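One-letter residues, chain by chain:
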Amino acid sequence: MVPLSEVLVWSLAGVLFGSLISWIPGFHIFNIMALLVAVFGVGELMPVQAFPFFAIGAIVAYAYVSAISSVYFSVADESAVFLLFPTQRYLLLGRGHEAVLLYLIGAVAGTLVLVLGALFIFPKVLPPIYQATSPYITYFLTAIVVFMFMSEWPKEGDRGKTPLQRLWLAWRQILGGILVFFLSGLLGFAVMNTNLLPSTSAYTRLTPMFIGFFGMSWVLLNILSNPPMLPQKIDDKVESSIYNTLKASFGGALGGTIAAVYPIITGGMGALIAGHITSQRGDDAFIISQGVNRVIYYVGAFTLLFLPNLRLTRGAAAWLVSSVYTPKSYAEYLAAIGVILLSAGISFLFTYYLSKLIARSFTVVHIRKLSYVVAVVLIAISYVLTGPMGVLVLFVSTAIGMMAAAFNTRRSYCLGGLVLPVLISMTGHTGEVMRLLGLG
Amino acid sequence: MRGFTHYISGLAAATFFPSLVSDLRMGILLPVIAAAAAYFPDFVDFKFGKFFARRDYEIDPAPWDEKKHYAPKLVKIKELSEKNRYQFFAIEGRVEEILTRGSGTVTYTILDEKGEQKTVEEEYNSIVFILNDGTGRITVEAVGDDYKFFEEEFGQIEEGKEILVFGYVDIDEVDKELRFVVSDAPHPQGIAETIAKAIEEAYHEGERIVKIHNIRLPGDVYRQFFVYLDPPKREVRVEMGPIVTPGGVAITDKPPEYRRYGIAKVSVPFIKTYPKPTRIDSFSGPEIAFRRAEFRGKTVVKDRFLPWHHGFSHSLTMGIIIGAFVYAIFKLLGYNHAGDLALASMIGQWLHVFEDQLGFMGSNLLPPITKDVIPGFKLGESGSGLTNFSTAWLMISFMIWNFNRFTEPRPIPIGDAKLLLLLIWPSIIGFGIAIVRSFKLRKEIAQLMDYYTNLEAFEELEEVGGI
């Protein structure tokens, strides 16, 4: 382990790095870290043993600061024909800063749950539970996918004139979701199992696909919809209750933990499950639970890399870091927990003041202009990491991401890009599917 | 219970069969079928049954614009008729003639905190003018707060001005002609009158099903409204609420009092089986069946929420059918553990039925042997976080417990009973709290039912001159 002073320096550098890029829409810390490693390498810039601490600082910053892009730079268009996220609704009401504060309440709760859990519960409880359940991960994963399809709530259908018309209106949306899932899955399968992308980009081959599904499609919607830039209130006031906060924190922690511990299950999937289990309702509760969920999902998953008696590699950042250096000692685990607390404090302040600044100057620069710049940067990242074919993958996945919005269905169906090929692989059918698709 | 709670019960049911657990370890994922079977009743009801259900009355306070899928719908004046009374629309046209401008007196009914009616008379500024959209002419009226808003929006209203007006359709009491009242919501009177009519018809005819649509507005927000059935007063009252987000956060005030309440009298006895009003906002509006029934020796009309829900799909009989179907299919396909999978699927579906029976609605448990719904145990509402979590946690615990006891060597080297107790204590506490809470709710319902009974007796005495 590097000396504590270096741990401190590199983790602070990570927080600074994460804070500076995480508020930009479409940027994901995993992609930027991959870019950093691809372009500069690690050993030359910093000691390899310091890389996990740099990464944890950056991930904590991302878990906090990304609230800014979720709230302020995912603006709904004026007609708002699509269903809106609660944060978008807050923004349309001029209450963007309040949404950020609600998120921060959740993020702080998530950090406390994570730190207390990491100190007193995870080392004892996680290893045996994980050992007992890990052989059945495919079962859980399949079950979640089936549930996603079965539980899609038809948002239309009530007003059809005949029963058949009502049925069609409802199922149009459900079938749209299934189509998005399978198209994403096919793309993911091709990206993972063919030489579509260069072998030199082994660690980043999924990056352009995910940028397209979630980042680029989001940015493109901002450009196409030309959203109104409404003045925002900057009062430090939130409308919620202690009960809602506690309930949302509990649900968020549950969903985040499930997603952090089990592979392929993402924060969104975890939130879906936990939302049902704890029966959550209310925009305030949703935003708070998102804060808890994202901290535990991103930071918690990465922390598992440090847990000496478990040492799970969860998430792209963990894979990237473990390819350079894997922490080994309990001292590193404790240091990581300290870094989480320190980084969370700095990230909280950064997010809070940045939110005030953006809320105050929200109407100065139109989101559309910023979105053009981000779109170009996202294409550049894809090109640098995966070459021209990566840009092609980016375009295809962006189209699929846009389809999810057009069908008014869950954006999380795009996770089929990861889930479907992994399921096919886990059940040993990759060869058959390759032959079926004429790829092998 | 919520969907995932049922679903996870099916997942857990499968883990009680060592053969299925062993298959899962080998990557055979068929036991997921038990979870699908557990969710099947809600899947059938909400993805199919709902759309085929009969609707005797369809209340649509604010019809959607067909392209944008939200209200208000932009209509032509010639399309409007008496049938549209109280519905919320938008009309675009030219101000043809200003009839009156100034102040006037408006009389309207409001309700106090106890639901008592009060008549209020107020002086308001107003404007009345004729709007022409090329297909016809209609009298438009804006009063009070709506007049203020109207002027802020359009400035001084002058003849020849082109405007887009939102409001509800009404009928002039004197000349019986259509008029258009500027507002930001439909008038609730139409909803109240239709429900009252349905209750009266149900008393004479046996059953009427009412579908109440919600009010979706631009920006994915909803005008919330409440339906109160007040059996003692024999009234249906509807109250327009604020505009809310799908998450239930109010983003406006309620409409002004002069168009907030709709009250309709009902001439037949009816009872409400659940002691809370029906709230309509996001997702979709409810269906309510009004059915003639016997209540303590009297003929009354009873309400049943979502009549297409908790029917045959939520019966133990359906569980047997699912089990037989799964067995037949997988036996044909040559699956070695078809019997266990069928049993797990049947148990999963039965768990769904049992879990729902803990709530209010209840189910017809063994059709065709049983003919009617057996009331629920009233342990908690379907959306209760406490009962949902307690049940889901219990199922997660069962899964971990089963995975552990069916694996050699055991990953968690603790005795079975001790491990189970260590895992399920949160559920035990959760159910304990839910049971204590349910006593309060049961007491509330019992008091309400007693009240109905005594009120009936009071009415009879009054009829024969006893008082």
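Residues numbered from 1 in each chain as written. Chains lettered and ligands numbered in written order. Predicted model: local features only at pLDDT ≥ 70, side-chain atom pairs only at ≥ 80, totals over all residues. Heavy atoms only, no water.

For chain B, an unreviewed UniProt entry supplies the name Nucleic acid-binding protein, putative and the organism Thermococcus gammatolerans.

Asker: Just checking my understanding: could you explain the environment of Asp56 of chain B for this structure?
Answerer: Residue and element names in this part refer to chain B. By secondary structure assignment, the location of Asp56 is in the loop between α3 (32–52) and β1 (57–59). C-alpha separation for the pair Asp56 and Trp425, spaced 369 residues apart in sequence, amounts to 48 Å. Setting aside its immediate chain neighbours within four residues, Asp56 contacts Glu207, Arg208 and Ile209. Among the polar contacts made by the side chain of Asp56, one reaches the side chain of Arg54 at a distance of 2.8 Å. Among the polar contacts listed, one links the side chain of Asp56 to the backbone nitrogen of Ile209, at a separation of 2.7 Å. (Helix = DSSP H or I, 4+ residues; strand = E, 2+ residues; numbered from the N terminus. Contact = heavy atoms within 4.5 Å. Polar contact = N/O pair within 3.5 Å; in protein donor to acceptor, adjacent residues only side chain to side chain.)

Asker: What am I meant to see in the interface of chain B and chain A here?
Answerer: By a widespread convention, an interface's size corresponds to the accessible area lost as its parts come together. Contact with chain B, which involves 67 residues of that partner, is made by 57 residues of chain A. In total, about 5200 Å² of surface goes out of reach between chain B and chain A, with carbon and sulfur atoms giving 65% of it. When the area that chain B buries against chain A is broken down by residue, the three leading residues are Phe4, Lys47 and Phe51 of chain B, summing to 14%. On the surface where chain B and chain A come into contact, there are three salt bridges. Between Lys211 of chain B and Asp158 of chain A there is a salt bridge, and its shortest N-O distance comes to 2.8 Å. For the side of chain B that touches chain A, the secondary-structure elements that each account for two or more residues are α1 (3–14), α2 (18–25), α3 and α8 (385–405) of chain B. Ranked by residues supplied to the side of chain B that touches chain A, first place goes to α3 of chain B with 10 residues. (Buried area = accessible area lost by both parts, 1.4 Å probe. Salt bridge = Lys/Arg side-chain N within 4 Å of Asp/Glu carboxyl O.)

Asker: Help me understand the packing of aromatic side chains, please; the structure alone is not making it clear to me.
Answerer: Two aromatic rings are characterised by how far apart their centres lie and by the angle between their planes. Counted according to the given criterion, the structure contains 40 aromatic pairs over all chains. Between Phe53 of chain A and Phe306 of chain A the ring centres are 5.6 Å apart and the planes differ by 50°, which places this aromatic pair in the tilted class. Residue Phe53 of chain A is found in helix α3 (residues 51–72), and its partner Phe306 of chain A is found in the loop between α11 (283–303) and α12 (316–322); the two are separated by 253 residues along the sequence. With a relative accessible area of 1%, Phe53 of chain A lands in the buried category. Ring plane angle 90° and centroid distance 5.1 Å describe the contact between Phe46 of chain B and Trp308 of chain B, whose orientation is recorded as edge-to-face. Here Trp308 of chain B lies in the loop between β16 (298–305) and α6 (316–332) and Phe46 of chain B lies in helix α3, a separation of 262 residues in the sequence. Ring pairing ties together the aromatic residues Tyr130, Tyr136, Tyr139, Phe140 and Tyr262 of chain A together with Phe403 of chain B, which thus form one cluster. Sitting over the face of the ring of Trp401 of chain B, Arg405 of chain B holds its NZ or CZ atom 4.3 Å from the ring centroid. (Phe/Tyr/Trp six-rings, centres within 6.5 Å; stacked < 30°, edge-to-face > 60°. Buried < 20%, exposed > 50% of the residue type's maximum accessible area, 1.4 Å probe, protein only. Lys NZ or Arg CZ within 6 Å of the ring centre and 35° of its normal.)

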